[in-house]
Amino acid sequence: DVISNKNKRLISSGIIAGMTQTVVDTPIEYMKTQQITSHNQLSFRTLLCNLKFRGFGPTLIRNSKFAGIFNFIANTDYLLIDTSIIKYGLAGLVGSFLTQPYDYYKTTVQTYPDVPVNEIRMSVHKSIRKNIFILWKGGLPRSILGCCTMGIGGFVYKSIISLQ
């Protein structure tokens, strides 16, 4: 069997964690996007009172795929990297890069709350036909951020666990 039971558990537990995170994450991401992009600068209280799950689908796919990829790379025996900060950083970088198209679509959907999702989907498809790399717009800083946050988080986690 190419993928062992351990690796299947790593991937599936990552996917479940990503899916669970999405339920909490989506309304917060929507509020963040609206505060950044809204011309009428909605207050945090107004956004909180009008929680929306707009962009839930792409966020669910992004988070579950990221967590599955991250968990697999960070915990696999295939990589001969022993330093946790590098291993977790690499896992964050790869996970962020591979899931960037979902993040691009999610952000587009959340940026224009008054535009029907079908219209946004058609607009994104037109853009992809012209230049598929548009899906990775913002991908470099997101990948660097994923590398830094996951590398540092993994290092701290491993350091605390080793104290026991």
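See the structure shown above.
Described in the following lines is the structure provided in the data block. (Residues numbered from 1 in each chain as written. Predicted model: local features only at pLDDT ≥ 70, side-chain atom pairs only at ≥ 80, totals over all residues. Heavy atoms only, no water.)

**Things to note about the overall build of the protein chain**
Okay, so step 1: Within the protein chain, the secondary structure is distributed over six helices and zero strands.
Okay, so step 2: Overall, the protein chain shows an N-to-C arrangement of helices and strands of α-α-α-α-α-α.
Okay, so step 3: Buried residues in the protein chain amount to 35% of all 164 residues.
Okay, so step 4: A fraction of 75% describes how many contacts in the protein chain between residues 6 or more apart in sequence connect residues 24 or more apart.
Okay, so step 5: Split by element, the accessible area of the protein chain, about 10300 Å² in all, is 67% carbon and sulfur. (Helix = DSSP H or I, 4+ residues; strand = E, 2+ residues; numbered from the N terminus. Buried < 20%, exposed > 50% of the residue type's maximum accessible area, 1.4 Å probe, protein only. Contact = heavy atoms within 4.5 Å. Areas by Shrake-Rupley, 256 points an atom, 1.4 Å probe, with all protein chains shown as cover.)

**Points about the pattern of salt bridges**
Okay, so step 1: Inspection of the entire model under this criterion finds six salt bridges.
Okay, so step 2: A salt bridge links Glu29 to Arg62; the nearest nitrogen and oxygen atoms lie 3.6 Å apart. Placement of Glu29 in helix H1 (residues 5-37) and of Arg62 in helix H3 (residues 56-75) is noted, with a sequence separation of 33 residues between them. The burial state of Glu29 is the same as that of Arg62; both residues are buried.
Okay, so step 3: Here Asp103 ties to Arg62 by a salt bridge, and the two come within 2.4 Å at their closest N and O atoms. (Salt bridge = Lys/Arg side-chain N within 4 Å of Asp/Glu carboxyl O.)

**Looking at the packing of H1 against H3**
Okay, so step 1: Orientation of H1 relative to H3, taken along the N-to-C sense of each, is 145°, at an axis distance of 6 Å. As for how H1 packs across H3, the hand of that crossing is right-handed.
Okay, so step 2: Tallied by class, the residues present in the contact of H1 with H3 amount to nine nonpolar, 13 polar and four charged. (Axes fitted to C-alpha atoms, helices over the stretch in contact; angles between N-to-C directions. Left-handed = near helix turned anticlockwise from the far one by under 90°. Nonpolar A, V, L, I, M, F, W, Y, C, P; charged D, E, K, R; others polar.)

**Description of the side chain of Asn71**
Okay, so step 1: As for its placement among the helices and strands, Asn71 is situated in helix H3.
Okay, so step 2: At 2.8 Å, the side chain of Asn71 forms a polar contact with the side chain of Asn75.
Okay, so step 3: Those residues within four positions of Asn71 in sequence are excluded, and the remaining contacts are Leu10, Ser13 and Gly14. (Polar contact = N/O pair within 3.5 Å; in protein donor to acceptor, adjacent residues only side chain to side chain.)

**Brief notes about a nonpolar patch on the surface**
Okay, so step 1: Together, Ile85, Ile86, Ile152, Phe155, Val156, Ile160 and Leu163 make up an exposed nonpolar region whose accessible area comes to about 680 Å².
Okay, so step 2: Counting residues per element, the ones that place at least two in the nonpolar patch are helix H4 (84-111) and helix H6 (139-162).
Okay, so step 3: No other element matches H6, which puts four residues into the nonpolar patch.
Okay, so step 4: For Ile152, a relative accessible area of 52% puts it in the exposed group. (Patch = residues over 30% accessible without salt bridge, like charges linked within 9 Å, V, L, I, M, F, W, Y side chains within 5 Å.)

**Points about the packing of aromatic side chains**
Okay, so step 1: The full count for this structure, using the stated rule, is three aromatic pairs.
Okay, so step 2: Seen from their ring centres, Phe66 and Phe70 are 6.0 Å apart, and the 10° between their planes marks the pair as stacked. Placement of both Phe66 and Phe70 in helix H3 is noted, with a separation of four residues, approximately one turn of the helix.
Okay, so step 3: Phe70 sits in the buried class, given a relative accessible area of 14%.
Okay, so step 4: Each residue in the set Phe66, Phe70 and Tyr88 is aromatic and connected to the rest through ring pairs, giving one cluster. (Phe/Tyr/Trp six-rings, centres within 6.5 Å; stacked < 30°, edge-to-face > 60°.)

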